[in-house]
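Observations on chain architecture
Single-letter residue listing:
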Amino acid sequence: MNSSKSSWLAGFGVLKNTTCHTEKKISVFFSIIFMTVGILSNSLAIVILMKAYQRFRQKSKASFLLLASGLVVTDLLGHLINGAIAVFVYASDKDWIRFNQSNILCSVFGICMVFFGLCPLFLGSVMAVERCIGVTKPIFHSTKMTSRHVKMMLTMVCLFAVLIALLPILRFRAYQIQASRTWCFYKTEHVEDWEDRFYLLLFSCLGFLALAISFLCNAVTGITLLRVKFKSQQRQGRSHHFEMIIQLLAIMCVSCICWSPFLVAMARIGLGEGRSEDTCETLLFALRMATWNQILDPWVYILLRKAVLRNLYKITSGCCGVHVINLHMWELSSIKNSLKVAAISESPGSSKHMNLQPLSSMGQ
């Protein structure tokens, strides 16, 4: 029993001399802060989405609301589940020998890390594709992008992420306790087997692919909106285009900055370029950066609205003693403004229909 137990521990990196020792109080503090901020941010985003869905049930916004809801719900569950497990590990003094003898907790932790890591990236790329279709092909989007199709896409994305997360288990490859003994993931130390490298490279390639799709679709959407802005003299359209461009830039910057370190680290380890002595600190920093993406997602997608910016401007101007200019022309939210533009574009008898023709003709 002792020999088998020692071999089990050695296989999961608990008894290695390369174990990375982190400050317990600081690590617990980071875990609790990330978990709390993430839960509050995504909960607030869910409340805003529910109110928006109750107020605006138009067909043109159903796909956006469903995809945004799936994103924030996934981020919320990720913070709840992964955060709760991480806090439990810290509270147990990272004594995996005591509470993980059958390796069940590590397997569950690893599956959740992979699923809640890839699923938001996939959903972000799907949202970028949906937004690109809505801008470049508004007629196709209004007729073909129904709620049923969006629900099917959400289901397929989740099932695909689950399949990737369960792949090591199906291949009888257990998830590994990492060098810091605070989280579980694919094997990242002394990776020699081709299958272990395959899992790391698969995770990295899928993440980079999702970011590339998001970047490409958001770039096309931004360029299209800019072209329409310069051609159209409509004041409302200009405001709407400006807001959308700001959101698209924020989405691309946050996703790329937060996820690139972790995906690069996984790719380097999978290719055999990462050094063992640098693995622990690099992965911990990259993991915390990726966690911030799930915290910032609701603020970028939902809360970065003109109503929030207007209130912040008033507060800042009031504190600085600056005269507040009249901002009554601003719409209450990006959702409301988008619905107005969609309603105008779908109305054949509207006089403003001709102003939106370049938007649909570009995608022909």
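Residues numbered from 1 in each chain as written. Predicted model: local features only at pLDDT ≥ 70, side-chain atom pairs only at ≥ 80, totals over all residues. Heavy atoms only, no water.

Rules: UniProt positions are given in the numbering used here, feature names are shortened, and annotations may be inferred rather than shown by experiment.
As recorded by an unreviewed UniProt entry, the chain carries the name Prostaglandin F2-alpha receptor and is attributed to Calcarius ornatus. According to its UniProt record, the chain has this under Subcellular location (unreviewed entry): "Cell membrane".

**Remarks on the confidence of the model for the chain**
What counts, and what does not: For every residue, the predictor assigns a confidence score, pLDDT, that lies between 0 and 100. Counting from the N terminus, the helices are DSSP H or I runs at least four residues long and the strands are E runs at least two residues long. Contacts are assigned to residue pairs with any non-hydrogen atoms lying within 4.5 Å of each other.
Model confidence for the chain is summarised by a mean pLDDT of 75, while 68% of its residues fall at 70 or above. Across the chain, the secondary-structure element scoring lowest on mean pLDDT is helix 1 (residues 2–11), at 40, and the one scoring highest is strand 2 (residues 184–185), at 93. In the predicted structure, residues 1–18 sits below a pLDDT of 50 and forms 23 contacts with residues beyond four places in sequence or in another chain. Contacts for the low-pLDDT stretch residues 323–364, under 50 throughout, to residues beyond four places or in other chains number 72 contacts.

**Details of the UniProt feature "transmembrane region" (unreviewed entry) in the chain**
Sequence positions flagged by UniProt for "transmembrane region" (unreviewed entry) are, in local numbering, residues 26–50, 62–90, 102–129, 150–170, 198–226 and 246–271. Secondary structure across residues 62–90 divides into 100% helix and 0% strand, with the first and last C-alpha atoms of the span separated by 41 Å. In residues 150–170, the share of helix is 100% and the share of strand is 0%. The end C-alpha atoms are 29 Å apart.

**A short note on the nonpolar core**
Keep this limit in mind: By nonpolar core we mean a set of buried residues, namely Ala, Val, Leu, Ile, Met, Phe, Trp, Tyr and Cys, connected to one another through side-chain atoms within 4.5 Å. Residue burial is assigned from relative accessible area. The probe radius is 1.4 Å, only protein chains are included, and a residue is buried under 20% of its type maximum, exposed over 50%, and partly exposed in between.
Formed by 65 residues in total, the largest nonpolar core has its most connected members in V114, W183, F185, Y186, F203 and F262. Those residues in contact with W183 that sit more than four places away from it in its chain are W96, F109, M113, Q176, I177, Q178, F262, L283, L284 and L287. Counting residues in each nonpolar core, the second largest holds five residues, with A250, I251, V254 and V300 among its members.

**Quick word on the side chain of T182**
To be explicit about the condition: Between N or O atoms, a polar contact is any pair within 3.5 Å; within protein, one atom must be a potential hydrogen donor and the other a potential acceptor, and residues adjacent in sequence are included only when both atoms are from side chains.
Mapped onto the fold, T182 is located in the loop between strand 1 (176–177) and strand 2. When its relative accessible area of 5% is taken as the criterion, T182 is described as buried. Looking at T182, its side chain comes within polar contact range of the side chain of S180, at 2.8 Å. Discounting residues that sit within four places of it in the chain, T182 has contacts with V89, Y90, K94, W96, F109 and L284.

**Some remarks on the pattern of salt bridges**
Defined as follows: Salt bridge criterion: a side-chain nitrogen from Lys or Arg within 4 Å of a carboxyl oxygen from Asp or Glu.
Counted by the stated rule, this structure contains five salt bridges. Between R171 and E195 there is a salt bridge, with its nearest N and O atoms 3.1 Å apart. Taken as a pair, R171 in the loop between helix 7 (147–170) and strand 1 and E195 in helix 8 (residues 194–231) lie far apart in primary sequence, 24 residues in all. Of the residues examined, R171 reaches a relative accessible area of 47% and is grouped as partly exposed. One salt bridge connects D196 with R173, and the closest N-O pair in it is separated by 3.1 Å. Placement of D196 in helix 8 and of R173 in the loop between helix 7 and strand 1 is noted, with a sequence separation of 23 residues between them. Look at R173 and you get partly exposed, because its relative accessible area is 25%. Via salt bridges that share partners, R171, R173, D193, E195 and D196 belong to a single interconnected network.

**Notes on unusual backbone geometry**
One non-glycine residue, K94, adopts positive backbone phi at about 55 degrees. One can find K94 in the loop between helix 3 (59–91) and helix 4 (96–99). Exposure remark for K94: the relative accessible area of 9% places this residue in the buried category. The backbone phi angle of F172 is positive, close to 60 degrees, even though this residue is not glycine.

**Remarks on the packing of aromatic side chains**
Note the following rule: Here a Phe, Tyr or Trp ring, Trp counted by its six-membered ring, pairs with any other such ring whose centre lies within 6.5 Å, and the pair is stacked when the planes are under 30 degrees apart, edge-to-face when over 60, and tilted otherwise.
Taken as a whole and judged by the stated rule, the model has 16 aromatic pairs. Here the aromatic rings of W96 and F99 are separated by 5.2 Å at their centres, their planes lie at 45 degrees, and the arrangement is tilted. Pair noted here: W96 and F99 are both in helix 4, with a separation of three residues, about one helical turn. The buried category is assigned to W96, whose relative accessible area is 1%. On the accessibility criterion, F99 (19% relative accessible area) is buried. Between the aromatic rings of Y186 and Y199, the centroid separation amounts to 5.6 Å while the plane-to-plane angle is 20 degrees, which identifies the pairing as stacked. Pair noted here: Y186 is in the loop between strand 2 and helix 8 and Y199 is in helix 8, with a separation of 13 residues, a long-range link. With respect to burial, Y186 and Y199 carry one shared label: buried. Of the aromatic side chains, those joined through ring pairs into one cluster are Y175, W183, F185, Y186, F198, Y199, F203, W259 and F262.

**Here's the deal with helix 5 (residues 104–136)**
Note the following rule: The span you would expect from a helix comes to 1.5 Å times its residue count less one.
Over its 33 residues, helix 5 extends 48 Å from the first C-alpha to the last, a length consistent with the 48 Å expected when each residue adds 1.5 Å. Among the 33 residues in helix 5, 26 count as buried, and that is most of the element.

**Re the packing of helix 5 against helix 7**
The line we're drawing: All axes are obtained by fitting lines to C-alpha atoms, using only the stretch in contact for helices, and the reported angles, taken between N-to-C directions, cover 0 to 180 degrees. The sense of a crossing depends on the near helix, which, turned anticlockwise from the far helix by less than a right angle, makes the crossing left-handed and, turned clockwise, makes it right-handed.
Following both chains from N to C, one finds helix 5 and helix 7 inclined at 145 degrees, their axes separated by 9 Å at the closest point. Helix 5 and helix 7 meet at a crossing whose hand is right-handed. Two secondary-structure elements touch here, helix 5 through S107, I111, V114, F115, L118, C119, F122, L123 and V126 and helix 7 through M153, L154, V157, C158, F160, A161, V162, I164, A165, L166 and I169.

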